[in-house]
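Each chain, written out:
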Amino acid sequence: MNRRRVVLGAVSATAIVAGVGAGVWRTRSGQDAPAPSADLWTLSFARPDGPPLAMSGLRGRRLLVNFWATWCPPCVTEMPLLDAFARNHADAGWSVLALAIDGAEPVRRFIAERSLRLPVALTGDDGIDLSRRLGNSAGGLPFSVAFDREGLPVQRKLGALDAALLQTWAAASG
C-alpha cells in the first residue's frame, strides 16, 4: 500500500512539474498567444441583408474584426464608436467588420435603429468558436482583433473598446 502511494505521488508530481515547465516554455518562446486560424481568410459569412461577405475580400488591408451581439450591453455601447472608426480611417487603409453572434432579424433592427454603415455579418453560435481561435480564450463579448496588411493579428481586446485605444492601434500600425 505504501509503495502504491509513493508511485502515485511521484507520477502526480511529475505531471505537475511537466505542466508548469511546458507553460513556462510556451510563455518564454512567445507561443502563449494563439495563432489565428489559417482558414480565416477562406471563410464567408451571411449578411443580414445582401450577399455573403467573403473574408478574402478584406485581406491586404488593416482590418479590425469585432465580435458582438445585440443582447450584449458593452457591444451595443461600442458599436457607434466602431462605425465612426470605420468611416474616419478608411482612407488610411482600415476596414472594420462587425461579426454578430446573433440572428439576422435582431441585427437588421439594430442596424436600422442606429443607422450603422460599417459592414456587419452573421456568425451565429460559431462566432464564439472563431473568436476563441483568434485569442478569446474566455469566449466573452465584445472581443476585437486588429490584423495587419499581411493578415496577422497585431492587437486583441476582450471587453469594450474606447476611442483612445482605437487611436493607439491605428497609430501603431502605420
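For clarity, every value in this text was computed on a predicted model and none was experimentally measured. (Residues numbered from 1 in each chain as written. Predicted model: local features only at pLDDT ≥ 70, side-chain atom pairs only at ≥ 80, totals over all residues. Heavy atoms only, no water.)

*Asks:* Quick question: what am I supposed to make of the packing of aromatic side chains here?
*Replies:* The description of two aromatic rings rests on the distance between their centres and on the angle between their planes. Under the defined criterion, the tally for this structure stands at four aromatic pairs. Here W41 and F147 contribute two aromatic rings whose centre-to-centre distance is 5.4 Å and whose plane-to-plane angle is 80 degrees, an arrangement assigned as edge-to-face. Of this pair, W41 sits in the loop between α1 (2–28) and β1 (44–45) while F147 sits in strand β6 (residues 143–147), and the two are 106 residues apart along the sequence. For the residue pair W41 and F147, the accessibility class agrees, reading buried in each case. Measuring from ring centre to ring centre gives 5.4 Å for F85 and W94, while their planes differ by 70 degrees; the resulting arrangement is edge-to-face. F85 gets classed as buried once you look at its relative accessible area, which sits at 4%. (Phe/Tyr/Trp six-rings, centres within 6.5 Å; stacked < 30°, edge-to-face > 60°. Helix = DSSP H or I, 4+ residues; strand = E, 2+ residues; numbered from the N terminus. Buried < 20%, exposed > 50% of the residue type's maximum accessible area, 1.4 Å probe, protein only.)

*Asks:* Please explain the pairing of strand β4 (residues 94–100) as it appears in this structure.
*Replies:* Successive side chains on a regular strand alternate, one facing one side of the sheet and the next facing the other. Buried residues dominate β4, accounting for seven of its seven residues. Burial along β4 is two-sided: the residues W94, V96, A98 and A100 and S95, L97 and L99 are all buried. Direction of pairing for strand β3 (residues 62–68) relative to β4: parallel, over a ladder of seven bridges. Across the sheet, residue L64 finds its bridge partner in β4, namely V96. For the crossover that starts at β3, traverses helix α2 (residues 73–89) and ends in the parallel β4, the hand is right-handed. (Pairing = 2+ DSSP bridges. Right-handed = clockwise from strand over helix to strand, strands pointing away.)

*Asks:* Would you mind showing me how to read the environment of A69 here?
*Replies:* Considering the arrangement of structural elements, one finds A69 in the loop between β3 and α2. Classification of A69 as buried rests on a relative accessible area of 0%. Between the alpha carbons of A69 and A100 there is a distance of 5.2 Å; along the sequence they are 31 residues apart. Apart from the residues lying within four places of it in its own chain, the contact partners of A69 are C75, V76, I101, D102 and L141. (Contact = heavy atoms within 4.5 Å.)

*Asks:* Which parts of the structure should I look at to understand the sheet that holds strand β7 (residues 153–158)?
*Replies:* Within a sheet, neighbouring strands are paired by backbone hydrogen bonds and run either parallel or antiparallel to one another. Across the sheet, five strands lie side by side as β5-β4-β3-β6-β7; this open sheet has mixed pairing. Strands with a single pairing partner mark the edges of an open sheet, and in this sheet they are β5 (120–122) and β7. Here the strands of the sheet are splayed against their neighbours by 20 degrees on average, with no regard to which way each runs. Pairing analysis gives five bridges linking β3 to β6, with the strands arranged antiparallel. Considered in β6, the bridge of L63 is made with F147. Along the sheet face, α2 touches β3 and β4 and points at about 165 degrees away from the line of β3. (Axes fitted to C-alpha atoms, helices over the stretch in contact; angles between N-to-C directions.)

*Asks:* Sorry if this is basic, but what is going on with helix α3 (residues 104–114) here?
*Replies:* Every buried residue of α3 is listed here: V107, F110 and I111. All buried residues of α3 project into a common sector of 95 degrees when viewed along the axis, lining one side. Seen from the open side of α3, the exposed residues pointing more than 90 degrees away from its buried face are A112 and E113. Buried residues along α3 sit in contact with β3, α2, β4 and β5. (Arc of directions from axis to C-beta.)

*Asks:* Can you walk me through the side chain of N136 in this structure?
*Replies:* Looking at where N136 falls in the secondary structure, it is placed in the loop between α4 (126–133) and β6. A relative accessible area of 1% places N136 in the buried class. Within polar-contact distance, the side chain of N136 engages the backbone oxygen of G140 at 2.8 Å. Residues in contact with N136, not counting those within four places in the same chain, are S131, F143 and L158. (Polar contact = N/O pair within 3.5 Å; in protein donor to acceptor, adjacent residues only side chain to side chain.)

None of this, on its own, says anything about what the molecule does.
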